[in-house]
Amino acid sequence: MLDFLTFVFEKLFILSNFNLFRNLWPEEEDSCSTSSTLKRGDLLEVQRSLFIHFGIYLGENKVAHLMPDIMPVLTMNEKKINTVVTNKRLILGCIYKKASIRLDTVEDFAYGARIFVNTLDGRMKTQALTQEDVAQRAEKLVGDTPYSLLWNNCEHFATYCRYGSPVSQQTDKFCETLKTVVRDQRSVLLTIALGILSIACFGLAPSTTLPTVLIPFTLWMAG
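Only a predicted model underlies this, so the values are computations on that prediction, with no experimental measurement involved.

**Q** Describe the overall build of the protein chain, and please don't skip the residues or the numbers.
**A** Per the secondary structure count, the protein chain includes 10 helices and 7 strands. Burial statistics for the protein chain: of 223 residues in total, 42% are counted as buried. Pairs at least 24 residues apart make up 69% of the contacts formed inside the protein chain by residues separated by at least 6 positions.

Spelled out as structure tokens, the structure:
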């Protein structure tokens, strides 16, 4: 049951619009930086299409970051794998749970977005480690790793390196939003209506009847 719920939550997370996390985004313009001002061990943030992406700056224009990617599943060609990961490759990698902690240039990491530096320092309860300790932690973790949007994503990697423990404020925010939806009993009525509509369109069958009964019941009990 837990595996099923995790699967559902992860797929919902993929479909979530990044506006959900807009209140986590730094507002100060002076927190935006360029590669010439970055220091080894800095925690970098950039806005991607669906979420905020995190990495650790290692110096010499290189960033270590955890990135889901479907390409290693499709080919063994290192040249293709090492090209910049597009959003399409990233989302397919999320679904397949294939990821690696890779080294990219600052420009490829940013993917055209503005870079924000160490903004989590003011929001985390734990004090940041020394810059060199942060960088060394990131370097030791470079390579393949299991991926989970809820339990092991780029923010978990970056916060582990900089603060000593893996934390993701994005997933916490997502789970809080999901709790709000579950507690709202109108979601039960909505799922019942959608279930009835699916039965009307596709007929009575286990694939339509069981979700129509089980999903509203689960939401009702959880609420």
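Now that the structure has been shown, we can carry on.
**Q** Break down the side chain of Ser168 for me, citing the residues and quoting the values.
**A** With respect to the helices and strands, Ser168 occurs in the loop between α7 (154-163) and α8 (169-183). Exposure remark for Ser168: the relative accessible area of 2% places this residue in the buried category. Setting aside residues up to four positions removed in sequence, Ser168 forms contacts with Asn153, Glu155 and His156.

**Q** Outline the pairing of strand β2 (residues 43-47), listing residues and values.
**A** The buried fraction of β2 amounts to 4 of the 5 residues, a majority that puts the element mostly inside the structure. Looking at chain direction, β2 and strand β3 (residues 52-59) are connected through 5 bridges and run antiparallel. Across the sheet, residue Glu45 finds its bridge partner in β3, namely Phe54.

**Q** Can you lay out the layout of surface pockets for me, pointing to particular residues and giving the numbers?
**A** Estimates place the volume of the second largest pocket at around 230 Å³. Lining the second largest pocket are 13 residues; nearest its centre among them are Pro72, Glu78, Ile81, Ser100 and Asp144. Elements supplying a minimum of two residues to the lining of the second largest pocket: α3 (78-81) and β5 (98-105). Per-element tally for the lining of the second largest pocket: the top contributor is β5, with 5 residues. For the lining of the second largest pocket, the class distribution of residues is 6 nonpolar, 2 polar and 5 charged.

**Q** Break down a nonpolar patch on the surface for me, with residues and values.
**A** A cluster of nonpolar side chains, contributed by Val73, Leu74 and Tyr96, occupies part of the molecular surface with about 320 Å² of accessible area. Looking at the element boundaries, Val73 is found in helix α2 (residues 71-74). Among the residues examined, Val73 registers a relative accessible area of 35% and is labelled partly exposed.

**Q** I'd like a rundown of the packing of aromatic side chains, residues and numbers included.
**A** Scanning the entire structure with this criterion turns up 0 aromatic pairs. If you follow Arg137 out to its NZ or CZ, it ends over the ring of Tyr160, 4.6 Å from the centre.

**Q** Give me the lowdown on the packing of helix α6 (residues 131-140) against α7, citing residues and values where you can.
**A** Packed helix pairs are characterised by how far apart their axes lie and by the angle those axes make with each other. Axis separation between α6 and α7 bottoms out at 7 Å; the angle between their running directions is 140 degrees. Taken together, the axes of α6 and α7 are oblique relative to one another. Considering the relative orientation of α6 and α7, their crossing is right-handed. Only Phe157, Tyr160, Cys161 and Arg162 of α7 make contact with α6, whose side of the interface consists of Gln131, Val134, Arg137 and Ala138. Residues that form the contact of α6 with α7 fall into these classes: 5 nonpolar, 1 polar and 2 charged.

**Q** Describe the pattern of salt bridges, and please don't skip the residues or the numbers.
**A** Following the criterion strictly, the structure yields 6 salt bridges and no others. Across the salt bridge formed by Arg89 and Asp69, the nearest N and O atoms sit 2.6 Å from each other. Of this pair, Arg89 sits in helix α4 (residues 87-96) while Asp69 sits in the loop between β4 (62-68) and α2, and the two are 20 residues apart along the sequence. A relative accessible area of 3% means that Asp69 is categorised as buried. Arg102 serves as the salt-bridge partner of Asp104, at 2.7 Å between the closest nitrogen and oxygen. For the pair Asp104 and Arg102, a shared accessibility class is recorded, and that class is buried. Each of Asp69, Arg89, Arg102 and Asp104 takes part in salt bridges that share partners, so that together they form one network.

The rules behind the values
- Residues numbered from 1 in each chain as written.
- Predicted model: local features only at pLDDT ≥ 70, side-chain atom pairs only at ≥ 80, totals over all residues.
- Heavy atoms only, no water.
- Helix = DSSP H or I, 4+ residues; strand = E, 2+ residues; numbered from the N terminus.
- Buried < 20%, exposed > 50% of the residue type's maximum accessible area, 1.4 Å probe, protein only.
- Contact = heavy atoms within 4.5 Å.
- Pairing = 2+ DSSP bridges.
- 1 Å grid on protein atoms, 1.4 Å probe; cavity = no way out; pocket = protein on both sides within 12 Å on 5 of 7 lines; lining within 4 Å.
- Points joined across faces, edges and corners; volume = space filled by probe spheres on them.
- Nonpolar A, V, L, I, M, F, W, Y, C, P; charged D, E, K, R; others polar.
- Patch = residues over 30% accessible without salt bridge, like charges linked within 9 Å, V, L, I, M, F, W, Y side chains within 5 Å.
- Areas by Shrake-Rupley, 256 points an atom, 1.4 Å probe, with all protein chains shown as cover.
- Salt bridge = Lys/Arg side-chain N within 4 Å of Asp/Glu carboxyl O.
- Phe/Tyr/Trp six-rings, centres within 6.5 Å; stacked < 30°, edge-to-face > 60°.
- Lys NZ or Arg CZ within 6 Å of the ring centre and 35° of its normal.
- Axes fitted to C-alpha atoms, helices over the stretch in contact; angles between N-to-C directions.
- Parallel < 35°, antiparallel > 145°, perpendicular 65-115°, else oblique.
- Left-handed = near helix turned anticlockwise from the far one by under 90°.

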